[in-house]
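If you want the building blocks of each chain, they are given just below.
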Amino acid sequence: MAAGRSLAYREFGRPGGVPLVFLNHLGANLDNADPRIMDGLAAHRRVIVLGYRGVGGSAGRVRTTIEEMAADTAAAIRALGHNKVDVFGLSMGGMVAQELAESVPELVDRLVLVGSGPRGGTDLTRMSGVTLRGTLKATATRKDPKTLLFFTRTAAGRTAAASYLGRLAERTANRDKAVKPGVLLAQLAAVRRWGALPASTLARSSTPALILHGDSDRMVPPANAAALAAHFTEAALEVFADSGHGAAFQNHARTVQLTLEFLDRQTGSPAARNTTSPNQGDI
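Residues numbered from 1 in each chain as written. Predicted model: local features only at pLDDT ≥ 70, side-chain atom pairs only at ≥ 80, totals over all residues. Heavy atoms only, no water.

Caption draft 1: Region of the structure containing the packing of helix H2 (residues 66-79) against helix H3 (residues 92-103). Relative to each other, H2 and H3 sit at 70 degrees, their axes nearing to 8 Å. What the angle tells us is that H2 and H3 run roughly perpendicular. Within the contact between the two elements, H2 uses Ile66, Glu67, Met69, Ala70, Thr73, Ala74 and Ile77 and H3 uses Met92, Met95, Val96, Glu99 and Leu100. Of the residues in the contact of H2 with H3, the class split is nine nonpolar, one polar and two charged. (Axes fitted to C-alpha atoms, helices over the stretch in contact; angles between N-to-C directions. Helix = DSSP H or I, 4+ residues; strand = E, 2+ residues; numbered from the N terminus. Parallel < 35°, antiparallel > 145°, perpendicular 65-115°, else oblique. Contact = heavy atoms within 4.5 Å. Nonpolar A, V, L, I, M, F, W, Y, C, P; charged D, E, K, R; others polar.)

Caption draft 2: Representation of the pairing of strand E2 (residues 20-23) within the structure. Burial of the side chains of E2 extends over both faces: Leu20 and Phe22 are buried on one face and Val21 and Leu23 on the other. When E2 meets strand E3 (residues 46-50), the two strands line up parallel, connected through four bridges. Each residue of the ladder has a partner; that of Val21, found in E3, is Ile48. Assessed by its sense of winding, the connection that carries the chain from E2 through helix H1 (residues 35-42) to E3 is right-handed. (Buried < 20%, exposed > 50% of the residue type's maximum accessible area, 1.4 Å probe, protein only. Pairing = 2+ DSSP bridges. Right-handed = clockwise from strand over helix to strand, strands pointing away.)

Caption draft 3: The packing of helix H4 (residues 127-140) against helix H7 (residues 181-196), seen in detail. In the contact formed by H4 and H7, the axes pass within 9 Å of each other and the chain directions differ by 150 degrees. Of the possible angle classes, the one that applies to H4 and H7 is roughly antiparallel. Only Leu184, Leu185, Leu188, Val191 and Arg192 of H7 make contact with H4, whose side of the interface consists of Met127, Ser128, Thr131 and Leu132. Here the contact of H4 with H7 is built from residues that sort into six nonpolar, two polar and one charged.

Caption draft 4: How the structure looks around H4. Between its first and last C-alpha atoms H4 spans 20 Å; for 14 residues at 1.5 Å apiece the expected length is 20 Å, and the two agree. Those residues of H4 that sit buried are Met127, Ser128, Val130, Thr131, Gly134 and Ala138. One side of H4 carries all its buried residues, which in axial view fall inside an arc of 165 degrees. In H4, the exposed positions angled more than 90 degrees off the buried face are occupied by Arg133, Leu136, Lys137, Thr139 and Ala140. Here the buried face of H4 lies against helix H5 (145-149) and H7. One or two residues past the end of H4 sits Arg142, with phi positive at roughly 60 degrees. (Expected span 1.5 Å × (residues − 1). Arc of directions from axis to C-beta.)

Caption draft 5: Molecular detail of the packing of aromatic side chains. In total, this model carries four aromatic pairs according to the counting rule given. Relative to Phe88, the ring of Phe22 lies with its centre 5.3 Å away and its plane at 35 degrees, an arrangement referred to as tilted. Taken together, the residues Phe22 in strand E2 and Phe88 in strand E4 (residues 85-90) connect sequence positions 66 residues apart. By relative accessible area, Phe22 is classed as buried at 3%. Arranged with centres 5.8 Å apart and planes meeting at 50 degrees, the rings of Phe151 and Tyr164 form a pair that is tilted. Remark: Tyr164 occurs in helix H6 (residues 155-168) and Phe151 occurs in the loop between H5 and H6; sequence separation between them is 13 residues. The exposure classification of Phe151 matches that of Tyr164, with both residues buried. In this structure an aromatic cluster arises from ring pairing among Phe150, Phe151, Tyr164 and Phe249. A cation over a ring is seen here: Arg110 above Phe262, with NZ or CZ 4.7 Å from the ring centre. (Phe/Tyr/Trp six-rings, centres within 6.5 Å; stacked < 30°, edge-to-face > 60°. Lys NZ or Arg CZ within 6 Å of the ring centre and 35° of its normal.)

This is the structure we're talking about:
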(Lines give C-alpha, C1' and ligand atoms only; values in the text may rest on other atoms or scores of the structure.)
Protein backbone atom coordinates (compact mmCIF):
# COMPACT_ATOMS: atom_id res chain seq x y z
CA MET A 1 0.00 0.00 0.00
CA ALA A 2 1.45 3.38 -1.02
CA ALA A 3 -0.37 6.61 -0.21
CA GLY A 4 -3.62 4.68 0.09
CA ARG A 5 -3.19 2.97 -3.29
CA SER A 6 -2.32 -0.65 -4.08
CA LEU A 7 0.91 -1.38 -5.94
CA ALA A 8 1.29 -4.55 -8.00
CA TYR A 9 4.34 -6.69 -7.24
CA ARG A 10 5.94 -10.07 -7.83
CA GLU A 11 8.08 -11.83 -5.26
CA PHE A 12 10.16 -14.93 -5.87
CA GLY A 13 13.50 -16.56 -5.17
CA ARG A 14 15.42 -17.79 -2.14
CA PRO A 15 13.72 -17.13 1.22
CA GLY A 16 15.38 -15.26 4.05
CA GLY A 17 18.13 -12.67 4.11
CA VAL A 18 17.96 -9.11 2.85
CA PRO A 19 15.52 -8.97 -0.11
CA LEU A 20 16.48 -7.36 -3.41
CA VAL A 21 13.91 -4.85 -4.66
CA PHE A 22 13.84 -4.36 -8.44
CA LEU A 23 12.68 -0.99 -9.85
CA ASN A 24 12.21 -0.94 -13.62
CA HIS A 25 12.66 1.67 -16.34
CA LEU A 26 10.02 4.19 -17.40
CA GLY A 27 7.03 2.95 -19.38
CA ALA A 28 7.47 -0.55 -17.91
CA ASN A 29 5.06 -2.86 -16.11
CA LEU A 30 5.99 -6.03 -14.20
CA ASP A 31 6.27 -8.03 -17.43
CA ASN A 32 9.12 -5.81 -18.64
CA ALA A 33 11.48 -7.26 -16.03
CA ASP A 34 13.96 -9.31 -18.09
CA PRO A 35 13.35 -12.99 -17.26
CA ARG A 36 17.04 -13.91 -17.57
CA ILE A 37 18.07 -11.24 -15.07
CA MET A 38 15.21 -12.09 -12.72
CA ASP A 39 15.88 -15.84 -12.89
CA GLY A 40 19.60 -15.33 -12.37
CA LEU A 41 19.14 -13.12 -9.33
CA ALA A 42 16.29 -15.16 -7.85
CA ALA A 43 18.44 -18.32 -7.89
CA HIS A 44 20.42 -16.68 -5.08
CA ARG A 45 18.32 -13.89 -3.58
CA ARG A 46 14.75 -13.07 -2.60
CA VAL A 47 13.63 -10.68 -5.37
CA ILE A 48 10.69 -8.28 -5.20
CA VAL A 49 9.68 -6.61 -8.47
CA LEU A 50 7.67 -3.51 -7.52
CA GLY A 51 5.29 -1.68 -9.82
CA TYR A 52 4.84 2.08 -9.93
CA ARG A 53 1.65 3.84 -8.95
CA GLY A 54 -0.74 4.14 -11.90
CA VAL A 55 1.25 1.71 -14.06
CA GLY A 56 -0.01 -1.72 -15.12
CA GLY A 57 -1.96 -3.33 -12.30
CA SER A 58 -0.99 -0.67 -9.73
CA ALA A 59 -3.82 1.64 -8.71
CA GLY A 60 -3.89 5.44 -8.66
CA ARG A 61 -2.59 8.16 -10.92
CA VAL A 62 0.91 7.84 -12.32
CA ARG A 63 3.49 9.89 -10.46
CA THR A 64 5.28 12.79 -12.15
CA THR A 65 8.26 13.20 -9.79
CA ILE A 66 11.03 10.85 -8.72
CA GLU A 67 10.49 11.92 -5.11
CA GLU A 68 6.87 10.72 -5.15
CA MET A 69 7.88 7.39 -6.66
CA ALA A 70 10.51 6.93 -3.95
CA ALA A 71 7.96 7.66 -1.22
CA ASP A 72 5.60 5.07 -2.74
CA THR A 73 8.45 2.56 -2.89
CA ALA A 74 9.37 3.10 0.76
CA ALA A 75 5.73 2.63 1.80
CA ALA A 76 5.46 -0.57 -0.26
CA ILE A 77 8.67 -2.05 1.19
CA ARG A 78 7.43 -1.42 4.71
CA ALA A 79 3.98 -2.78 3.88
CA LEU A 80 5.70 -6.02 2.83
CA GLY A 81 7.28 -6.17 6.29
CA HIS A 82 10.87 -5.25 5.46
CA ASN A 83 13.05 -2.72 7.26
CA LYS A 84 16.24 -3.26 5.21
CA VAL A 85 16.58 -4.03 1.48
CA ASP A 86 19.04 -3.92 -1.38
CA VAL A 87 17.75 -2.10 -4.48
CA PHE A 88 18.39 -2.77 -8.17
CA GLY A 89 17.30 0.31 -10.13
CA LEU A 90 17.17 0.35 -13.91
CA SER A 91 17.24 3.77 -15.66
CA MET A 92 14.42 5.79 -14.05
CA GLY A 93 14.30 3.05 -11.41
CA GLY A 94 17.89 3.93 -10.55
CA MET A 95 16.85 7.52 -9.96
CA VAL A 96 14.08 6.33 -7.66
CA ALA A 97 16.60 4.11 -5.88
CA GLN A 98 18.96 7.05 -5.34
CA GLU A 99 16.17 9.18 -3.89
CA LEU A 100 15.08 6.28 -1.69
CA ALA A 101 18.60 5.84 -0.30
CA GLU A 102 18.87 9.56 0.35
CA SER A 103 15.43 10.12 1.89
CA VAL A 104 15.27 6.92 3.99
CA PRO A 105 18.90 5.73 4.26
CA GLU A 106 18.06 3.33 7.06
CA LEU A 107 15.94 1.32 4.59
CA VAL A 108 18.59 0.77 1.87
CA ASP A 109 21.71 -1.32 2.41
CA ARG A 110 23.19 -1.54 -1.11
CA LEU A 111 22.38 -0.08 -4.53
CA VAL A 112 22.77 -1.44 -8.04
CA LEU A 113 22.23 1.39 -10.54
CA VAL A 114 22.00 0.44 -14.22
CA GLY A 115 21.76 2.93 -17.10
CA SER A 116 20.89 5.68 -14.64
CA GLY A 117 22.02 9.19 -13.81
CA PRO A 118 22.28 11.48 -10.79
CA ARG A 119 20.15 14.49 -10.00
CA GLY A 120 21.15 17.19 -12.52
CA GLY A 121 22.90 14.58 -14.68
CA THR A 122 24.25 15.17 -18.19
CA ASP A 123 21.48 15.64 -20.79
CA LEU A 124 18.79 13.95 -18.68
CA THR A 125 16.48 16.82 -19.58
CA ARG A 126 16.79 15.68 -23.22
CA MET A 127 15.51 12.17 -22.63
CA SER A 128 11.98 13.13 -23.64
CA GLY A 129 13.13 14.22 -27.09
CA VAL A 130 15.34 11.18 -27.60
CA THR A 131 12.56 8.83 -26.50
CA LEU A 132 9.79 10.41 -28.54
CA ARG A 133 11.91 10.65 -31.70
CA GLY A 134 13.01 7.05 -31.31
CA THR A 135 9.42 5.93 -30.76
CA LEU A 136 8.19 7.76 -33.85
CA LYS A 137 11.02 6.36 -35.99
CA ALA A 138 10.33 2.84 -34.74
CA THR A 139 6.62 3.18 -35.44
CA ALA A 140 7.29 4.42 -38.95
CA THR A 141 9.51 1.41 -39.63
CA ARG A 142 7.21 -1.07 -37.83
CA LYS A 143 9.75 -1.86 -35.14
CA ASP A 144 9.34 -2.10 -31.39
CA PRO A 145 10.71 1.19 -29.97
CA LYS A 146 12.91 -0.78 -27.59
CA THR A 147 15.02 -1.98 -30.52
CA LEU A 148 16.06 1.59 -31.34
CA LEU A 149 16.09 3.08 -27.84
CA PHE A 150 17.80 0.27 -25.91
CA PHE A 151 20.24 -1.29 -28.37
CA THR A 152 22.96 -0.32 -30.83
CA ARG A 153 22.43 -0.92 -34.53
CA THR A 154 25.48 -3.16 -34.78
CA ALA A 155 25.07 -6.86 -35.48
CA ALA A 156 25.49 -7.63 -31.77
CA GLY A 157 22.94 -4.99 -30.81
CA ARG A 158 20.35 -6.21 -33.31
CA THR A 159 20.78 -9.80 -32.16
CA ALA A 160 20.47 -8.76 -28.50
CA ALA A 161 17.32 -6.74 -29.25
CA ALA A 162 15.58 -9.68 -30.92
CA SER A 163 16.55 -12.00 -28.06
CA TYR A 164 15.32 -9.55 -25.43
CA LEU A 165 11.94 -9.01 -27.10
CA GLY A 166 11.53 -12.78 -27.33
CA ARG A 167 12.22 -13.16 -23.61
CA LEU A 168 9.58 -10.56 -22.73
CA ALA A 169 6.97 -12.70 -24.48
CA GLU A 170 7.83 -15.86 -22.53
CA ARG A 171 5.29 -15.29 -19.76
CA THR A 172 1.86 -16.39 -20.99
CA ALA A 173 -0.14 -16.48 -17.74
CA ASN A 174 -0.83 -13.90 -15.03
CA ARG A 175 0.55 -11.08 -17.12
CA ASP A 176 0.41 -7.54 -15.79
CA LYS A 177 -2.07 -5.04 -17.19
CA ALA A 178 -0.98 -3.02 -20.22
CA VAL A 179 0.70 0.33 -19.66
CA LYS A 180 -1.62 3.26 -20.39
CA PRO A 181 -0.55 5.79 -23.06
CA GLY A 182 -0.14 8.66 -20.60
CA VAL A 183 2.35 6.80 -18.41
CA LEU A 184 5.35 7.41 -20.67
CA LEU A 185 4.76 11.17 -20.85
CA ALA A 186 4.24 11.48 -17.10
CA GLN A 187 7.39 9.53 -16.30
CA LEU A 188 9.44 11.41 -18.89
CA ALA A 189 8.35 14.58 -17.10
CA ALA A 190 9.61 13.09 -13.84
CA VAL A 191 13.02 12.34 -15.38
CA ARG A 192 13.16 15.83 -16.89
CA ARG A 193 12.51 17.38 -13.47
CA TRP A 194 15.20 15.16 -11.94
CA GLY A 195 17.67 16.20 -14.63
CA ALA A 196 16.87 19.88 -14.13
CA LEU A 197 17.64 19.84 -10.40
CA PRO A 198 20.96 21.38 -9.33
CA ALA A 199 23.68 18.74 -9.09
CA SER A 200 25.56 20.97 -6.65
CA THR A 201 23.14 20.03 -3.86
CA LEU A 202 24.31 16.40 -3.89
CA ALA A 203 26.15 15.18 -0.82
CA ARG A 204 28.36 12.09 -1.10
CA SER A 205 26.51 8.96 -0.07
CA SER A 206 27.96 6.23 2.13
CA THR A 207 25.62 3.61 0.62
CA PRO A 208 27.75 1.10 -1.35
CA ALA A 209 26.83 1.20 -5.05
CA LEU A 210 27.45 -0.87 -8.16
CA ILE A 211 27.06 1.18 -11.34
CA LEU A 212 26.57 -0.47 -14.75
CA HIS A 213 26.22 1.43 -18.03
CA GLY A 214 26.41 1.06 -21.79
CA ASP A 215 29.10 2.92 -23.72
CA SER A 216 26.58 3.90 -26.44
CA ASP A 217 23.60 4.85 -24.27
CA ARG A 218 21.69 7.65 -26.03
CA MET A 219 18.92 7.99 -23.44
CA VAL A 220 21.23 8.40 -20.42
CA PRO A 221 24.63 9.44 -21.81
CA PRO A 222 27.63 7.50 -20.43
CA ALA A 223 29.02 10.58 -18.66
CA ASN A 224 26.34 9.98 -16.05
CA ALA A 225 28.01 6.74 -14.97
CA ALA A 226 31.17 8.49 -13.81
CA ALA A 227 29.11 11.23 -12.18
CA LEU A 228 27.18 8.61 -10.24
CA ALA A 229 30.37 6.87 -9.13
CA ALA A 230 31.70 10.17 -7.80
CA HIS A 231 28.53 10.57 -5.73
CA PHE A 232 29.30 7.51 -3.58
CA THR A 233 32.17 6.99 -1.15
CA GLU A 234 32.17 3.28 -2.10
CA ALA A 235 31.34 2.55 -5.74
CA ALA A 236 32.18 -0.04 -8.38
CA LEU A 237 31.71 0.88 -12.04
CA GLU A 238 31.59 -1.19 -15.23
CA VAL A 239 30.80 0.15 -18.69
CA PHE A 240 29.70 -2.42 -21.29
CA ALA A 241 31.12 -2.12 -24.81
CA ASP A 242 28.84 -1.86 -27.86
CA SER A 243 25.83 -1.47 -25.57
CA GLY A 244 23.07 1.10 -25.39
CA HIS A 245 20.46 1.89 -22.77
CA GLY A 246 19.56 -1.80 -22.62
CA ALA A 247 23.09 -2.75 -21.59
CA ALA A 248 21.78 -4.96 -18.78
CA PHE A 249 19.57 -6.89 -21.22
CA GLN A 250 22.32 -7.31 -23.81
CA ASN A 251 24.79 -8.39 -21.12
CA HIS A 252 22.35 -10.16 -18.83
CA ALA A 253 24.68 -12.94 -17.68
CA ARG A 254 27.44 -10.49 -16.78
CA THR A 255 24.92 -8.18 -15.11
CA VAL A 256 23.71 -11.02 -12.89
CA GLN A 257 27.27 -12.09 -12.09
CA LEU A 258 28.42 -8.59 -11.13
CA THR A 259 25.29 -7.92 -9.10
CA LEU A 260 25.56 -11.14 -7.10
CA GLU A 261 29.27 -10.63 -6.47
CA PHE A 262 28.62 -7.10 -5.27
CA LEU A 263 25.74 -8.08 -3.01
CA ASP A 264 27.56 -11.15 -1.67
CA ARG A 265 30.28 -8.94 -0.21
CA GLN A 266 27.58 -7.79 2.20
CA THR A 267 27.04 -11.26 3.68
CA GLY A 268 30.36 -12.92 3.09
CA SER A 269 28.54 -16.20 2.42
CA PRO A 270 28.13 -18.27 -0.74
CA ALA A 271 24.98 -17.76 -2.81
CA ALA A 272 22.20 -20.32 -2.29
CA ARG A 273 19.77 -21.89 -4.72
CA ASN A 274 16.14 -20.88 -5.19
CA THR A 275 13.85 -23.16 -3.18
CA THR A 276 10.48 -21.41 -3.29
CA SER A 277 7.70 -20.69 -5.76
CA PRO A 278 6.77 -17.14 -6.82
CA ASN A 279 4.20 -14.88 -5.21
CA GLN A 280 2.23 -12.25 -7.08
CA GLY A 281 -0.30 -9.69 -5.93
CA ASP A 282 -0.71 -6.16 -4.76
CA ILE A 283 -0.06 -4.28 -1.53
